[in-house]
Amino acid sequence: MKRIEVICLVILLALVSFRFTEKLWKTPASWPEPIYNFKKNPLDSATVFLGRTLFYDPVLSADSTISCASCHSPYNAFTHVDHALSHGIKDRIGTRNSPVLVNLAWGKSFMWDGAVNHLDVQALAPLENHVEMDENLSHVIQKLNRQDKYKRLFKNAFHSETITGERFLKALSQFMLTLVSSNSKYDQVVRGEKGIQFTESESKGYVLFKEHCASCHTEPLFTDHSFQNNGLAVDSVLQDFGRMKITQRSSDSLKFKVPTLRNVERSAPYMHDGRYRSLQMVLFHYSSDIHASETLAPQLKKGIGLSEDDKRNLIAFLKTLTDHSFLGNKNLQYPRIP
């Protein structure tokens, strides 16, 4: 093939990839550009559908009882709500509360302690964790290769029936990249949509939020993706010191990733170990129960003074971050395979 033909082919493929990604992805207005490099894994509807199918399939676990959705329910902002700590196969209990899966294209790292640094390999962590899915990638690929359904879906996505670990992981990433929540009441107010405005209580809560919370839960993502010690006392049983486990630096002791507050109304229980069942309990912690330590976030050292009215108003604002169109999006739920 002549050089000019090769160049033209490369350009054509790039344009096709761009077209697919543009159709399935649009950065919300006024939001920062995503960190994820779509050029290396351009979104395609067939690949997204494959990833969605995999996400809900318990065949990914050793005994075919646990899927990704077992701990990341679409109705609860892609986390679980019925227990503090995640549960895996044979009802093994994990050591942390499952984080929400939302707006992952902006993620710099993943997991509560940042143990994973790229979305394309994130699925390996629960897949190969003894407590969660207790599988290994090569065996999962073997199981998928036994199913005609997946041969067909992989062919639709990658134009080949060959099922590989790389394709498996990229398909899961593509589905997770579509978990974008940007249409809450807060978003509608910010966009100036006609007839949508904060109530008096929500407005007061927004002022309080910007004063006390926004330094870490930064708009519009409502997280700055940093790791902070937010004053939780160490659980005597779990003995979880967070980020320090990964970095081995004492300066990271008790630091955990700042979670997004989008859809926080629907993502209880809260904190890395799910110790709080309600937003009222969370605000009590920040106003009256901060545990002092050397690595405590500086903005918490003086405490946060909140009256009962302040708490009610702040919760009223936090509820404006609930995105009902996201939570009820059937395109993100269990798929029907044709």
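Residues numbered from 1 in each chain as written. Predicted model: local features only at pLDDT ≥ 70, side-chain atom pairs only at ≥ 80, totals over all residues. Heavy atoms only, no water.

Engineer: How would you sum up the packing of aromatic side chains? Please name residues and give values.
Structural biologist: Under the definition given, this model contains 19 aromatic pairs. Seen in terms of ring centroids, Y56 and Y334 are 5.9 Å apart; in terms of plane orientation they differ by 80°. Their pairing is edge-to-face. In this pair, Y56 is assigned in the loop between α2 (45-55) and α3 (68-71) and Y334 in the segment after α14 (324-327), connecting sequence segments 278 residues apart. For Y56, a relative accessible area of 9% puts it in the buried group. Look at Y334 and you get exposed, because its relative accessible area is 59%. Consider the rings of F209 and F222, whose centres lie 5.4 Å apart with planes at 50°: the pair is tilted. In this pair, F209 sits in helix α10 (residues 200-212) while F222 sits in the loop between α10 and β1 (227-228), placing the two residues 13 residues apart along the sequence. Neither F209 nor F222 differs from the other in exposure class; each is buried. Every member of this aromatic cluster is reached through a ring pair, and the members are F55, Y56, F78, F175, F326 and Y334. The ring of F227 has R243 sitting right over it, with the charged end atom 4.4 Å from the ring centre. (Phe/Tyr/Trp six-rings, centres within 6.5 Å; stacked < 30°, edge-to-face > 60°. Helix = DSSP H or I, 4+ residues; strand = E, 2+ residues; numbered from the N terminus. Buried < 20%, exposed > 50% of the residue type's maximum accessible area, 1.4 Å probe, protein only. Lys NZ or Arg CZ within 6 Å of the ring centre and 35° of its normal.)

Remember, this is a structural readout, not a statement about activity or role.
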